[in-house]
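The chain contents come next:
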Amino acid sequence: MKMYDNKLVEILQNESYMGSAYGTEVEIKPIPDDDTQGVIDARVLARTMELMSRQQESALPNEDSIRNMRGSTGAPNLNLNTVEMLTRYIEVHVEDRKIPVWIYYPRRPIGQKKRPACIFLHGGSWIAGSPFVVENPMRLLAEKAGCVVFNVDYSLAPEHRFPAALDDAYGVLRHIFENPDEYGIDPKKIGIGGDSAGGNVAAATVLKDRDLGTHMICRQILIYPVVTAVNTGIRGFEWSLDEYEMSETQRLMLEQGLILGRPMKKGEEVLQNSLMKYVNTEDELSDPYVSPMLAESFQGICKTVIMVAEFDGLRLQGEYFGKLLRDDGVETRIIRYKGMGHAFLDHLGYYPQTEDVILEMAKEIASI
């Protein structure tokens, strides 16, 4: 059972309003039961305290940082499906690797063909995360969109460095595009999505699909994505704390949470540290397949939806990326969720905003 009233989701669906960022329109989703400006949603505070307490109790001493991160990334969430869902497991061969993929789709109507498809790539800083963290959200997406979702367990760094994750995503894309009847999908209705580092790999896959002229992807949905590994002076983008409205009562806490994507002192670059485990050389940080914002042009990119959290250090680059896409003629929606921080997709059943994200994704995939 979800931990909030359905009316809160209805408010998010029906009472958004338009704001702006970098001179371009942004759709704002309010905290549905609190009109206080510059504050985090109270549900996030309560959930954060609960999960921190659990992590302290189960912390593993004397373990390496990557193993610890892989064991703790993500949060338990709830199954909100209301119809019978089927799950199928396959392995897609990419180079010398077998890429695990979990497939979800509604059982009825039995034998349905030509469903739309969505490939999803989980977050986790390229070095952690798991398809199981987003399994409940992706199963709900499959129900709400009437689509087939492919939840990809792409290769993680540092064992598999760039471009392994990108090659895995593109390999899965080619496989399902070339075998639509096996999965009951329409090859002309394939979308791709991802959150955080997964959003980065999804955006790079879209660029590669465009650059190679294969044009298999019809929609990309990026949830608080990493779109640049370079923080300043890139295509006019500058990170600024002034872009965040914060109440004085919560300012110290909120500023501490704006760690991802924020230029920091040497040794404090959390995003940079994980990126350096992903790339082979520092020069690769400027590769558009690592930093999609650095692509020379976005012409020919499919329709895009970018969803960001108000109090996420990655929000600014996500919104600016949306502006760049629009400047190059790409039809783009930018949605900002007030009161949310990074990784809120992981909290299905606890935050009405997470359910709203799935409903917005479903509308986009169903409309391909």
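Scroll up for the structure.
Scoring rules and cut-offs
- Counting restarts for each chain: residues are numbered from 1 in the order of the written sequence.
- Reporting in this predicted model follows two pLDDT cut-offs: at least 70 for local features of residues, and 80 or more for side-chain atom pairs to be given and counted; totals over whole chains, interfaces and linings ignore these cut-offs and use all residues.
- Excluded from the side-chain calculation are hydrogens and water; included are all heavy atoms of the structure.
- At least two bridges found by DSSP between two strands are what make those strands a pair.
- A run of H or I in DSSP becomes a helix once it reaches four residues, and a run of E becomes a strand once it reaches two; helices and strands are each numbered from the N terminus.
- Working convention: axes come from line fits to C-alpha atoms, limited for helices to the stretch in contact. Angles between N-to-C directions cover 0 to 180 degrees.
- Any two residues whose heavy atoms approach within 4.5 Å at even a single point are treated as in contact.
- Here, a salt bridge means any side-chain nitrogen of Lys or Arg that lies within 4 Å of a carboxyl oxygen of Asp or Glu.
- Any angle that is under 35 degrees is reported as roughly parallel, and any over 145 degrees as roughly antiparallel; angles of 65 to 115 degrees are reported as roughly perpendicular and all others as oblique.
- Crossings are sorted by hand: turned counterclockwise from the far helix by less than a right angle, the near helix makes the crossing left-handed, and turned clockwise it makes it right-handed.
- The criterion is simple. A nonpolar core is a set of buried Ala, Val, Leu, Ile, Met, Phe, Trp, Tyr and Cys residues joined through side-chain atoms within 4.5 Å.
- Per-residue accessibility, obtained with a 1.4 Å probe over protein chains only, is compared with the maximum for each type, and a residue is labelled buried under 20%, exposed over 50%, and partly exposed between these values.

1. Let's talk about the sheet that holds strand β7 (residues 185–195)
Spatially, 10 strands are ordered β1-β2-β12-β11-β8-β7-β5-β6-β4-β3 in an open sheet, and the strand pairing comes out mixed. Each end of this open sheet is capped by a strand with a single partner; those strands are β1 (17–21) and β3 (85–94). Neighbour to neighbour, the strand axes of the sheet diverge by 25° on average, direction disregarded. Lying on the sheet, helix α7 (residues 197–211) is in contact with β5 (115–121), β7 and β8 (219–223); it crosses β7 at an angle near 140°.

2. Some points on the pattern of salt bridges
Considering all chains together, one arrives at 27 salt bridges under this definition. For Glu27, the salt bridge is made with Arg333, and the minimal N-O distance between the two is 2.9 Å. Of this pair, Glu27 sits in strand β2 (residues 24–29) while Arg333 is found in strand β12 (residues 332–341), placing the two residues 306 residues apart along the sequence. Linked by salt bridges that have partners in common, Glu27, Lys29, Arg219, Lys303, Glu331, Arg333, Asp356, Glu360, Lys363 and Glu364 make up one network.

3. With respect to the packing of helix α1 (residues 6–14) against helix α11 (residues 352–366)
Following both chains from N to C, one finds α1 and α11 inclined at 50°, their axes separated by 9 Å at the closest point. In terms of axis orientation, α1 runs oblique to α11. The crossing of α1 and α11 is right-handed. In this structure, α1 uses Leu8, Val9, Leu12 and Gln13 to contact α11, whose residues at the interface are Pro352, Gln353, Glu355, Asp356, Leu359, Glu360 and Lys363.

4. Here we look at the nonpolar core
Ranked by internal contacts, the top residues of the largest apolar core, which has 116 residues, are Met138, Leu141, Phe150, Tyr278, Phe298 and Met361. Those residues within four positions of Tyr278 in sequence are excluded, and the remaining contacts are Trp126, Ala157, Arg161, Phe162, Ala165, Leu166 and Val201.

Worth remembering: the numbers are spatial, not functional.
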